Structures are given as structure tokens and as C-alpha cells.
Amino acid sequence: MSETSKSLNFIEQIIEEDLSNGYSKNDLRFRFPPEPNGYLHIGHASSICLNFGLGLRYDAPVNLRFDDTNPAKEEQEFVDAIKQDVTWLGFKWDTERYASDYFQQLYDWAVQLIKDGKAYVDSQTSEEMAAQKGTPTEPGVDSPFRNRSVEENLSLFEGMKNGEYKEGTHVLRAKIDMASTNMLMRDPIMYRILHKAHHRTNTDWCIYPMYDWTHGESDYIEQVSHSLCTLEFLPHRELYDWFLDQVTSPDKLRPKQREFARRNLSHTVVSKRKLAQLVEQNIVNGWDDPRMPTISGLRRRGYTPESIRNFVDTIGIAKRDNLIDVSLLEFHVREHLNKITPRVMGVLDPLKLVITNYPEGQEEWLEAENSPEDESLGSRQVPFSKELYIEKADFKEEANKKFFRLKLGGEVRLKNGYIIKAESCTKNTEGDIVEVQCTYDPKSKSGSGTPESLRRVKGTLHWVSIKHAVAAEVRLYDRLFTDESPDTHKDKDFMDFINPDSLKTITGYVEPSLKSASVGERFQFQRIGYFCVDKDSSSDKLVFNRTVGLRDSWAKIQQKN
RNA sequence: UGGCCCAUGGUGUAAUGGUAACACUCCGGUUUUUGGUACCGUCAUUCUAGGUUCGAGUCCUAGUGGGCCAACCA
């Protein structure tokens, strides 16, 4: 219902238009075309959801195509990581393709272009060619090699292919227009010599096709109907079409390139070079550090694929520059985690609480609901005893009535347990409170149904029994950058905005039911936030990552004072 | 001193020539054994100037502002 009433984005409108102008639904085909030279990040998630979402919407196949035309940068490791990330996000590609699958076809077409007088071998240095290229405001000039004979071009190109020349000595160029207002049309390079092994073709080739020559022709070979890319490729469209003009036959579908604006997320950077810098300078601990905007980082942080997909759906797709506030991403992960995570209790900043009228040595197991959002998650038992930990921030000697927590002479409920009253506290020589003494009402036990248990007190605290608590490493993550758009300042480097407090590692105390938690499992630590078990955990040591905190209106009230 | 793209609340996106809306954020409130969730409410938007039209956020022109384009990267 909402599906039919939801408005179309401009890409879907283009497709609908094509459909009403003669395309059949069977003609639709899409592709996600990553270069395997790095890890996927949140920006790629938009493209993935767009292309695979279109596939789902129109019941059309979507290829996963690796744009692997540069063996100097590309590696199998990235191919594997990309496949894992796309799968994790919840999408299935139709076929797995590689631009390198088409090297022979591309070569044959290039030979044809030479024969047609539309491509030539240039034997200048890159500096010489750059000088001839002109600028956006001045036309370029023709290369002295532009009018070589077809025979000479053919033989040089074959020599290039056969490895007879050193890197940088020759390139194959399309013969288009050195005076075009579009710089990309000024005789673009189609092939360069690279004596490097390729992760798939090994040393079969020592010439490699450039992006522009490869991409559109690959779309054509795969019969991709709509080739979607980001806005910076808009000027490439003219060239995309020119190359297609050289090879298409009228009985086959002709792919269309259309461009959309890249989504920018606040408080982060996304370029491979910058992310690599964060890794290399040990600002973060690897590409999957939970602070990284990579898909693997978000996964390790505890994000769910659903929350990322919902986020991408919400931000939509358009053509204008944008900076999406990270709070929207956080909203979506909270929204999903709220529904699916079991609640547990953990104390991150412990203060000892002694219940003076609770029998020495006694312990009892209290029933605790696993989720108020999902009854099917059932319940568990948590141990209670005379000595507990509560959060330091949950006790004050005295406070005004806005403070719903524990203060001397005041009452609170211990979640799933009893109502207690603070009687006194002990301080160390520095004046810090190190212990709170309280009394409890034995008849106020949660769920017991007694009138005392039904009494309402304003505050409810989470706690753990000291004797039963499990110590765990807890990693508290915050934004990596203090500026919302760290890499757009002309006079400042993005590294100047690194948040020094993006990771705080502490020891917390969690209820014993967590002892058996497995890597990747997600929980809500009640009143604190969402956490997941990190892969650094071992059988004798739990490590938790904070995915995101709960919304905290108390923190806002405090900030205002 | 060129070409191309873009311009709607604080943010993102819709409105397809006919009442400017939805989500997030912010702020306020109700409920609550999580200061969570849920629910209700408040504030706030068509870059400017002309033109076309009965009617313009939408079409046209100009201006302004932002972005992209001179790798043997993708």
C-alpha cells in the first residue's frame, strides 16, 4: 500500500518513462560496479540499495561487476570483502562479472576503431600530452602523432599488446576533438601499457583499457539498460555515448548512463585515500574499526543491514549537493535495535550499594523480562544480593526534584527488584562517594503483586549483583570528527578535526547471563544504550562495542543548567 | 575568463502547472518498573529579479550562490 503511494525518485521516473516509450520490462537490467581497490563504505550503500532496489522493484537482474582495469591498485582481497558486504546488506546479484572478462572483446573493438580511423597510437610523454590538452577555457592542439597511418597504428598497437614497449612509451587514443568544450572529448586515452600482473588475468595482458573505454562497453556487453553513477561522471556521458556509437548494433539494447548526487554523511570522511590515512596513522585500528564509515566498520559497530537500508531509503536520491546528519543514521539503528534486542543490565561506572537490612549471604534470582517490545523474547533470571553496583551518576547526596534517581532519604526502584531508600553514604579521603547504604522493602518485590510492589516511585535504576557480576571491556565510541564536514575546509586539513575522545575503553560489570554471549550478538544495556559483542572477545574476556547510546533527555536537561 | 550540473524549513526528501507535505533534529507535553519506547503538540521552507499563464516551487530569461571538468585513476 505504502509502496504504491510512495512517490518515485527521479531515476525511477526515467525508467517509468522508458517503459512507457517502448522499453519492455524484460529489458531492464542494472549493475553495481565497484572497483576492487578498497572497502565499501556508507556512500556505496546508497548505490547498492539504489541498483539492487531497482532490481527488486522491477524484478530485473542486477550484476555485480568489478571494474578491474587497473592492476596497480586492485586485489582479490577487496573482491572478497565487497562480495561479503553486499551479501551482508541483504542483496543477491544475478551474475558476478569482471571488466577483465571483456579485455579481448575490448581489444578487438579497439582494433576496429583504428581501422576506422577513429583511434591512434600516441608516442609522447604524459607531460607533452597534458600540455597539448589545453584548459577548460582554451582548446587543445593536435598531437603530432594524430595522423599516423592505419597500418602504423595497427602495428604499434599490436606491439604494445605484445609487450614490446616500456610503460609510458605509447598509448592508444580515441580521435575525437581536441577543441571540444568537454575536456574528456579531447582525444581521451583508451589504453596504457602496464607491465603488471592482474588479479584475474595475471600476465596475459600488458595493456589495460581505461575506465571510459571500458565501462560503457561492459554495460553494452551485459545489456545493462540503466547505468547509474555519481554526478562527477556527468561530463563522461558524452564520451560514454561516443564510445557506444562505435560498437552498438541496432538490434541490441543501448545502455544509458544517468547520474545522481553522492550522499555525504556528516562528521565523517569517505574517500579511500583519507580512510587509508586514518588506518595508516593508527587513528583507528583498521578498516573495520567500529568508528569507520565502512560497511565492515558499521557491521562491527553493531549496525544491522535493515537499519542501513532504511536509512538509505529515507534519505532518497536526487541531484543536489547534500550533507546528511549522522543523527538520522543513528535514529534508524535505534529504531531497529529497539525492536530486536534483548534488554540486559550492565553498570559502566560502578558505585557500591549495600542493602543494610538484606540478610547477609542471601541471594535470590529475580525474573526479568527480556524485551518490552517483543514478548516472544521471554524472560531470564538475574541474581540479587546484599551488595550491588549502581551507576555513580544515579546517586547524589542531595538534589532537586528534577533528579529522579537516588538521593539520601529518597526512594527508587531497582529494576526487576525492590524499592530501596538511601540512608547514608561513605566517602574516601578525597571526598568522593565510595559506598551508599540503603534499606529495602522486602514486600516491594517486582511482580509479586503485593500492594507494596505496586507502589510507584519516580525513579528506576539498573544494577548488578557484585558477587555475580561479570567484568567486561566496554568500548565507548563517539564521532570520529568534531566537524560536521571535516574535509571541505579550504584552509584546514580534515585531520585537524579528529575527535580525541572518539574511543573510550572502560571496564564495566554486566549481569552473568551475558557470560555466554557470542560475537556479534546485540543487546540493549538498559538505560544506557545498544551494545554488541566484539570479535576481540575470548572465552575468558568479553568485549562490548557501544553501537549507539539511548536517547538521553536527562543529559539534555543537565546541559541546559 | 569557457562548458555542464544544481538551488524547497536546521538536515534530507516529496509535491509531475492547481491547498507546499513527510521523516529526522530542536523545543514542549502525555504514558511508562528503561529520563528508553509509544503517543500528542510547537517552531520553521520554495535563492533574487523579470517573463509566460486564470494560476508557477514547478515552464522561460537573466542574475546570485554552490558543485564538477585540464591522472597513462575509477
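Because the structure is a prediction, the values reported are computed rather than measured.

Chemist: Explanation requested: the protein's contact with RNA strand B in the structure shown.
Modeler: Around RNA strand B, a shell composed of 67 residues is seen, among which Gln-13, Arg-320, Arg-343, Ser-446 and Arg-527 lie nearest. Put simply, 63% of the atoms of RNA strand B that lie within 4 Å of the protein are in sugar or phosphate. One nitrogen or oxygen atom from the main chain of Ile-315 is found 2.8 Å from a sugar or linking oxygen belonging to RNA strand B. Within the side chain of Asn-338, a nitrogen or oxygen atom sits 3.1 Å from a sugar or linking oxygen of RNA strand B.

Chemist: Even after reading the chapter, I still don't get helix α12 (residues 305-315), so can you show me in this structure?
Modeler: Every α-helical turn comprises 3.6 residues, leaving residues that sit three or four positions apart pointing alike. If you check which residues of α12 are buried, you get Pro-305, Ser-307, Ile-308, Phe-311, Val-312 and Ile-315. Burial along α12 is one-sided: seen end-on, the buried residues are contained in an arc of 165°. Close packing links the buried residues of α12 with α3 (42-58), α4 (76-89), α11 (295-301) and α13 (326-340).

Chemist: Explanation requested: the pattern of salt bridges in the structure shown.
Modeler: Proximity of charged atoms lets side chains of opposite charge pair with each other. Using the criterion set out here, one finds 35 salt bridges in the structure. Ionic pairing is found between Arg-300 and Asp-536, a salt bridge with its closest N-O pair at 3.4 Å. Of the two residues, Arg-300 is situated in helix α11 and Asp-536 in the loop between β26 (529-533) and β27 (542-549); the sequence distance between them amounts to 236 residues. Relative accessible area serves as the criterion here: at 40%, Asp-536 is assigned to the partly exposed category. When the shortest N-O distance is used, the salt bridge between Glu-387 and Lys-352 registers 3.6 Å. Linking Glu-387 in strand β15 (residues 387-391) with Lys-352 in strand β12 (residues 350-355), this pair joins segments that are 35 residues apart in sequence. Assessed through its relative accessible area of 33%, Glu-387 is described here as partly exposed. Beyond isolated ion pairs, a larger network of salt bridges with shared partners links Asp-288, Arg-300, Glu-473, Arg-475, Asp-534, Lys-535, Asp-536 and Lys-541.

Chemist: What exactly am I supposed to notice about the sheet that holds strand β21 (residues 460-461) here?
Modeler: Through backbone hydrogen bonds, the strands of a sheet pair up, either in parallel or in antiparallel fashion. Read across the open sheet, the seven strands follow the order β21-β18-β19-β20-β12-β15-β22; overall the sheet is mixed. Single-partner strands in this sheet number two, and they are β21 and β22 (464-465). Sheet topology note: the strand β18 (residues 411-414)/strand β19 (residues 419-427) ladder contains three bridges and is antiparallel. Pairing of Arg-413 across the sheet is with Ile-419, part of β19.

Chemist: Just to check I follow, could you spell out the packing of α3 against α12 for this structure?
Modeler: When two helices pack together, their arrangement is given by the angle between their axes and by how far apart the axes lie. It is at 10 Å that the axes of α3 and α12 come closest, and there the two elements cross at 75°. Between α3 and α12, the interaxial angle falls into the category roughly perpendicular. Contact residues: Ile-42, Ala-45, Ser-46 and Cys-49 in α3; Ile-308, Arg-309, Phe-311, Val-312 and Ile-315 in α12. Residue composition of the contact of α3 with α12, by class: seven nonpolar, one polar and one charged.

Chemist: In this structure, what is going on with the side chain of Asp-85? I would like to understand it.
Modeler: The topology assignment puts Asp-85 in helix α4. A polar contact of 2.9 Å, which involves the side chain of Asp-85, links it to the side chain of Arg-299.

Chemist: Explain the packing of aromatic side chains to me, please; I cannot follow it from the model alone.
Modeler: One pair of aromatic rings is described through two measures. These are the centre distance and the angle between the planes. Enumeration according to the criterion identifies 24 aromatic pairs in this entry. Plain terms: the ring middles of Tyr-39 and Phe-78 are 5.4 Å apart, the flat faces sit at 90° to each other, and that makes the pair edge-to-face. Taken together, the positions of Tyr-39 in the loop between β1 (30-32) and α3 and Phe-78 in helix α4 put the pair 39 residues apart, joining distant regions of the chain. We classify Phe-78 as buried; its relative accessible area is 10%. Relative to Phe-544, the ring of Phe-525 lies with its centre 5.2 Å away and its plane at 70°, an arrangement referred to as edge-to-face.

Chemist: Hey, could you run me through the environment of Glu-387 in this one?
Modeler: Distance in space between the C-alpha atoms of Glu-387 and Ile-466 is 5.9 Å, their sequence separation being 79 residues. Discounting chain neighbours no more than four positions away, the residues touching Glu-387 are Lys-352, Leu-353, Val-354, Val-464, Ser-465 and Ile-466.

Chemist: When you look at the nonpolar core in this model, what are you seeing that I'm missing?
Modeler: Counting 43 residues, the largest nonpolar core has Ile-48, Leu-54, Val-86, Leu-89, Ile-308 and Phe-311 as the members making the most contacts within it. Every element with two or more residues in this core is listed here: α2 (10-20), β1, α3, β2 (62-66), α4, α11, α12 and α13. Taken domain by domain, this core gets at least three of its residues from each of domain 1 (3-260) and domain 2 (272-342 + 472-560). With near-sequence residues (within four places) excluded, Leu-89 lies in contact with Ala-45, Ile-48, Ile-295, Pro-305, Ile-308 and Arg-309. One finds Tyr-107, Ala-110, Ile-114 and Tyr-208 within the second-largest nonpolar core, a separate group that totals 33 residues.

Chemist: What am I meant to see in the sheet that holds β2 here?
Modeler: Taking strand neighbours across the sheet as the criterion, the three strands line up as β1-β2-β3 in an open arrangement whose pairing is parallel. A single partner strand is all that each edge strand has here, and the edge strands are β1 and β3 (96-98). Between one strand and the next, the sheet's axes are offset by a mean angle of 35°, whatever the strand orientation. Bridge count between β2 and β3: three bridges; the pairing is parallel. By the bridge assignment for β3, Leu-64 is matched with Glu-96. Sheet contacts for α3: β1 and β2; angle to β1, the most-contacted strand, approximately 155°.

Chemist: What am I meant to see in the domain arrangement of chain A here?
Modeler: A common measure of how large an interface is: the accessible area buried when the components associate. Taken domain by domain, chain A holds domain 1 (3-260), domain 2 (272-342 + 472-560) and domain 3 (351-462). Using only C-alpha atoms to locate each centre, domain 1 and domain 3 end up separated by 65 Å.

Chemist: Just checking my understanding: could you explain the confidence of the model for chain A for this structure?
Modeler: Across chain A, the average pLDDT comes to 96, with 99% of residues at or above 70. Here the prediction assigns the complex a pTM of 0.96, and the interface score ipTM is 0.97.

Chemist: For this particular structure, what's the right way to read the state of the cysteines?
Modeler: Covalent bonding between the sulfur atoms of two cysteines defines a disulfide. Evaluation of the coordinates by the stated rule reveals zero disulfides. Lacking any disulfide linkage, Cys-49 is separated from the closest cysteine sulfur, that of Cys-229, by 17 Å.

Chemist: Looking at this structure, how should I read a positive patch on the surface?
Modeler: A contiguous patch of positive charge on the surface is contributed by Lys-401, Lys-402, Arg-551, Lys-556 and Lys-560. Residue position: Arg-551 is located in the loop between β27 and α15 (553-560).

Calculation criteria
Residues numbered from 1 in each chain as written. Chains lettered and ligands numbered in written order. Predicted model: local features only at pLDDT ≥ 70, side-chain atom pairs only at ≥ 80, totals over all residues. Heavy atoms only, no water. Near = heavy atom within 4 Å. Polar contact = N/O pair within 3.5 Å; in protein donor to acceptor, adjacent residues only side chain to side chain. Buried < 20%, exposed > 50% of the residue type's maximum accessible area, 1.4 Å probe, protein only. Helix = DSSP H or I, 4+ residues; strand = E, 2+ residues; numbered from the N terminus. Arc of directions from axis to C-beta. Contact = heavy atoms within 4.5 Å. Salt bridge = Lys/Arg side-chain N within 4 Å of Asp/Glu carboxyl O. Pairing = 2+ DSSP bridges. Axes fitted to C-alpha atoms, helices over the stretch in contact; angles between N-to-C directions. Parallel < 35°, antiparallel > 145°, perpendicular 65-115°, else oblique. Nonpolar A, V, L, I, M, F, W, Y, C, P; charged D, E, K, R; others polar. Phe/Tyr/Trp six-rings, centres within 6.5 Å; stacked < 30°, edge-to-face > 60°. Core = buried A, V, L, I, M, F, W, Y, C linked by side-chain atoms within 4.5 Å. Domains from an automatic or database assignment. pLDDT = per-residue confidence, 0-100. Disulfide = S-S within 2.5 Å. Patch = residues over 30% accessible without salt bridge, like charges linked within 9 Å, V, L, I, M, F, W, Y side chains within 5 Å. Areas by Shrake-Rupley, 256 points an atom, 1.4 Å probe, with all protein chains shown as cover. Lys, Arg positive; Asp, Glu negative; His and termini not counted. Charge placed at Lys NZ, Arg CZ, Asp CG, Glu CD.

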